[in-house]
Amino acid sequence: MSELFEAILSLETRAEVEHFLRDLCTLAELEAMAHRWAVARLVDRGIPYAQVAARTGASTTTVTRVAHWLRHGEGGYRLALDRTSS
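Bear in mind the structure is a predicted one, so any value in this text is a computation, not a measurement.

**Student:** How do you make sense of the overall build of the chain when you look at a structure like this?
**Tutor:** In terms of helices and strands, the chain carries 6 helices and 0 strands. When the helices and strands of the chain are listed from N to C terminus, the series reads α-α-α-α-α-α. Each principal axis of the C-alpha distribution contributes one length, and for the chain these read about 35 × 25 × 25 Å. When the accessible area of the chain is evaluated, it comes to approximately 6,500 Å², of which 56% is carbon and sulfur surface.

**Student:** I keep staring at the nonpolar core and nothing clicks. Help me out?
**Tutor:** Looking at soluble globular proteins, one finds that nonpolar side chains tend to be buried together. Val39, Val43, Val52 and Val63 are the most contacted members of the largest nonpolar core, which has 13 residues in total. Contributing elements (two or more residues each) for this core: helix 3 (27–44), helix 4 (49–56) and helix 5 (60–72). Ignoring sequence-local partners within four residues, the contact set of Val43 consists of Tyr49, Val52, Val63, Ala67, Leu70 and Arg71.

**Student:** Honestly, the pattern of salt bridges in this entry has me stumped. Any pointers?
**Tutor:** Pairing of side chains with opposite charge becomes possible as their charged atoms draw close. In the structure shown here, the tally under the stated rule is 3 salt bridges. Across the pair Arg78 and Asp44 runs a salt bridge, and its minimum N-O distance is 2.8 Å. On the criterion of sequence distance, the pair formed by Arg78 in helix 6 (residues 76–84) and Asp44 in helix 3 is long-range, its members being 34 residues apart. The exposure class assigned to Arg78 is partly exposed, which follows from its relative accessible area of 31%. For Asp44, a relative accessible area of 33% corresponds to the partly exposed category. Across the salt bridge formed by Arg78 and Asp82, the nearest N and O atoms sit 3.1 Å from each other. With Arg78 and Asp82 both in helix 6 and 4 residues apart, the pair spans about one turn of that helix. Here the salt bridges share partners, and the residues they tie into one network are Asp44, Arg78 and Asp82.

Calculation rules
- Residues numbered from 1 in each chain as written.
- Predicted model: local features only at pLDDT ≥ 70, side-chain atom pairs only at ≥ 80, totals over all residues.
- Heavy atoms only, no water.
- Helix = DSSP H or I, 4+ residues; strand = E, 2+ residues; numbered from the N terminus.
- Areas by Shrake-Rupley, 256 points an atom, 1.4 Å probe, with all protein chains shown as cover.
- Core = buried A, V, L, I, M, F, W, Y, C linked by side-chain atoms within 4.5 Å.
- Buried < 20%, exposed > 50% of the residue type's maximum accessible area, 1.4 Å probe, protein only.
- Contact = heavy atoms within 4.5 Å.
- Salt bridge = Lys/Arg side-chain N within 4 Å of Asp/Glu carboxyl O.

Spelled out as structure tokens, the structure:
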């Protein structure tokens, strides 16, 4: 995985990231990641899990799992949320 992480770090623009991820992942994989990111953003805003599930179409299991990793994971969600909030 370290080589994959290095490859991602080497990308310089949004377009480069988009092209790389589109080549690397299936559309379903990208959609799943985008879906989890949408859940994380809503959970972080304090939206109740049932409302997050209804708004995103995610299962409550997915919402709970994302919320768990947001609070008890490696800090990646938190870092990205902090860097992308305006």
